[in-house]
Amino acid sequence: MKALRKYLDRIKPQFQPGGRFHAFESVFDGFETFLFTPATTSRSGCNIHDSLDSKRMMIIVVLALMPCLLFGMFNIGYQHWLAIGDMSFPFWEMFAYGFLALLPKLVVSYAVGLGIEFAVAQWRKEEIQEGFLVSGILIPLICPIETPLWMMAVATAFSVIFVKEIFGGTGYNIFNVALVTRAFLFFAYPSKMSGDGVFVSTGSICGLGQGTVVDGFSGATPLGQVATNVGDKIILTDITGRALSYWDMFLGLIPGSVGETSTLCILIGAAILLATGIASWRIILSVFAGGFLMGFIANCFPTELYPASMLSPLEQITLGGFAFAAVFMATDPVTAARTNTGKYIYGFLVGVIAVIIRTYNNGYPEGAMLAVLLMNALAPLIDYCVVEGNIRRRMRRLNSKA
């Protein structure tokens, strides 16, 4: 690391005003501060600096996402092997298949998002913000594996420009960037974001996974099966027709968006975020509480008209993107409520609204995305009401003493 530090110090003058590459000063600064904690200090006043800056916080979130990412790669391969009827399930071949299927989407997400952020930072002559370190990995994880690369590029560009940069960059956006990307794709290209053919990769990649899709194959997700269910009973199955158990749902060996299927891996990520103090336990707890309560209420009044009402509360919080949204989306410190009481209200309403949408809207079986985006818009109002309520209570106490 010392050799790298000396090398950066030697070339740094070339990227400063007057240097040969001064036009890329922001780019150099972004890479330097990513690798090393800045040693600069304030010139006046009394300041305390913490080595855990926003870049380090973003890196911890990326590390917390690793279990979902790695399991998602494996599950891509596993679902493909099920689809072609090959029951040998070679672990490393399945993982390699998933890695090669997901890698282009990660590259496109980061290339487009970071490219725009680098360009804007240089244009504004500002430091490069680090928020897209997380958004860049979230976007491929919440999209179906068969999402075309050009669509992901267009949606990422739209989200970074119109949801983030137009408001001032990292820390100023009112909506979650990754979720707006997902929403853009869903409403602009609905046929590529839902249905039976987008959640399971069926083609071979670099010679891996060669085979023909078996008869009776269905790539419908469990929530997709619920939305089209007919009758007073729901039997959820995998893509070959085998009935799913609670363990299958919890472990995540089911079709779905890449990073959202495994509740186990999501909880591992939650443990990392909570242990490091990055995410708010109040939000995570209240999202699950709200979803479980609303799922229980809906299950008390099951009806064939709304098949999702027949799901148990446990199925409601383990299927789809609910758990992923609770841990990695609702806890976004920029777009979530910031007061402690507001966090409880915000998270609870996210859970309730997510289950309401997926239960009572058969045309949209997944409600977590819209629930978080809706509450992003209401988070400032929640904080305002909480603060005003505190002020009124204190004024009443003051007047009573007077």
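Use the structure listed above.
Residues numbered from 1 in each chain as written. Predicted model: local features only at pLDDT ≥ 70, side-chain atom pairs only at ≥ 80, totals over all residues. Heavy atoms only, no water.

## What about the overall build of the protein?
Counted only if it meets this: A run of DSSP states H or I qualifies as a helix once it reaches four residues; a run of E qualifies as a strand once it reaches two. Both are numbered from the N-terminal end. Computation of the radius of gyration draws on C-alpha atoms alone. For the globule rule, the value is 2.2 Å times the number of residues to the power 0.38. For the exposure calls, accessible area comes from a 1.4 Å probe over protein chains only, and a residue counts as buried if that area is under 20% of its type's maximum, exposed if over 50%, partly exposed in between. Pairs of residues are marked as contacts when any of their non-hydrogen atoms sit within 4.5 Å. For the accessible areas, the method is Shrake-Rupley and the probe is 1.4 Å, while residue cover comes only from the protein chains on display. The charge count includes Lys and Arg as positive and Asp and Glu as negative, but it does not include His or the ends of the chains. Where a charge lies is defined by one atom per residue type, namely NZ (Lys), CZ (Arg), CG (Asp) and CD (Glu).
Looking only at helices and strands, the protein features 15 helices and zero strands. Here the protein has a C-alpha radius of gyration of 23 Å; the compact-globule value for 402 residues is 21 Å, and the two agree. Overall, the protein is about 75 × 70 × 35 Å in size when its C-alpha atoms are taken along their principal axes. Sorting the 402 residues of the protein into buried and exposed places 51% on the buried side. Across the protein, contacts joining residues at least 24 apart in sequence account for 71% of those joining residues at least 6 apart. Accessible surface computed for the protein: about 19,300 Å², of which carbon and sulfur atoms make up 65%. A gap of 13 Å separates the mean positions of the 27 positive and 26 negative side-chain charges of the protein.

## Topic: unusual backbone geometry
Excluding glycine, a negative phi dihedral is what most residues carry, and trans is how most peptide bonds are arranged. Despite not being glycine, Phe-89 shows a phi value in the positive range, around 50°. You can call Phe-89 partly exposed: its relative accessible area is 25%. Phi at Cys-206 is positive, roughly 50°, even though this residue is not glycine. Tracing the sequence through the fold places Cys-206 in the loop between α7 (177-188) and α8 (222-227). The class of Cys-206 is exposed, set by a relative accessible area of 70%.

## Structural notes on helix α15 (residues 368-401)
Stated precisely, the cut-off is as follows: In this scheme, a helix's expected span is set at 1.5 Å multiplied by one less than its residue total. Note that the bend at a residue is defined as the angle between axes fitted to the seven residues ending at it and the seven residues starting at it.
With 34 residues, α15 ought to run about 50 Å at 1.5 Å a step, and its terminal C-alpha atoms sit 47 Å apart, in line with that. Bending of α15 peaks at approximately 45° at the position of Leu-378, with proline Pro-380 no more than four residues after it. Taken residue by residue, α15 has Ala-368, Met-369, Ala-371, Val-372, Leu-373, Met-375, Asn-376, Ala-379, Ile-382, Asp-383, Val-386 and Gly-389 as its buried positions. Those residues of α15 hidden inside the fold are in contact with α7, α13 (322-329) and α14 (340-360).

## Side note on the state of the cysteines
Filter applied, for reference: Disulfides are defined as pairs of cysteine sulfur atoms found within 2.5 Å of each other.
Under the counting rule described, the total for this entry stands at zero disulfides. No disulfide involves Cys-265; its sulfur sits 5.6 Å from the nearest other cysteine sulfur, which is in Cys-68.

## A short note on the pattern of salt bridges
Basically, it comes down to this: Every case where a carboxyl oxygen of Asp or Glu lies within 4 Å of a side-chain nitrogen of Lys or Arg is listed as a salt bridge.
Evaluation of the coordinates by the stated rule reveals four salt bridges. The closest approach of N and O atoms between Arg-242 and Asp-238, which form a salt bridge, is 3.3 Å. According to the relative accessible area criterion, Arg-242 is partly exposed, its value standing at 41%. Residue Asp-238 is classed as buried on the basis of its relative accessible area, which comes to 5%.

## Considerations on a nonpolar patch on the surface
Filter applied, for reference: Every patch collects residues that have over 30% relative accessible area and no salt bridge, joining them within 9 Å if they carry like charges and within 5 Å if they are nonpolar side chains (Val, Leu, Ile, Met, Phe, Trp, Tyr).
Taken together, the side chains of Leu-274, Trp-281, Leu-285, Leu-293, Phe-296, Ile-297, Phe-301, Tyr-344, Ile-345, Phe-348 and Leu-349 make up a nonpolar region of the molecular surface, amounting to roughly 1,000 Å² of accessible area. When contributions to the nonpolar patch are tallied by element, the ones reaching two or more residues are α11 (281-300) and α14. A total of five residues in the nonpolar patch trace back to one element, the largest contributor, which is α11. Relative to the elements of secondary structure, Trp-281 occurs in helix α11.

## Examining the nonpolar core
Proteins that are soluble and globular tend to have nonpolar side chains buried together. What counts is decided by this rule: As used in this record, nonpolar core signifies buried Ala, Val, Leu, Ile, Met, Phe, Trp, Tyr and Cys residues forming a set joined through side-chain atoms within 4.5 Å.
Ranked by internal contacts, the top residues of the largest apolar core, which has 95 residues, are Leu-65, Phe-324, Phe-328, Met-329 and Tyr-346. Of the residues forming this core, the biggest block, 16 residues, is contributed by helix α3 (residues 54-84). If you look at the next biggest cluster of nonpolar residues, it comprises nine residues, including Leu-236, Leu-244, Ala-308 and Leu-319.

## Quick notes on the side chain of Ser-262
As a reminder, the rule being used: Here a polar contact is recorded for every N or O atom pair within 3.5 Å, except that within protein the pair must consist of a potential hydrogen donor and a potential acceptor, and residues adjacent in sequence are included only if both atoms are side-chain atoms.
Topologically, Ser-262 is positioned in the loop between α9 (246-251) and α10 (263-275). Overall, the relative accessible area of 2% leaves Ser-262 in the buried class. Within the structure, Ser-262 has its side chain in polar contact with the backbone oxygen of Leu-251 (distance 2.8 Å). Among all residues touching Ser-262, those that are not within four sequence positions of it are Phe-71, Phe-250, Leu-251 and Gly-252.

## Some thoughts on the packing of aromatic side chains
Basically, it comes down to this: Pairing of aromatic rings covers Phe, Tyr and Trp, the last counted by its six-membered ring, and requires centre-to-centre distances within 6.5 Å; plane angles under 30 degrees mean stacked, over 60 mean edge-to-face, and any other angle means tilted.
Applying the stated rule across the entire model yields 20 aromatic pairs. Taking the centre distance of 6.2 Å and the plane angle of 55° together, the rings of Phe-71 and Phe-74 count as tilted. Placement of the pair is Phe-71 and Phe-74 together in helix α3, with a separation of three residues, close to one helical turn. Given a relative accessible area of 14%, Phe-71 falls into the buried group.

Any functional reading would require information beyond the geometric quantities listed.
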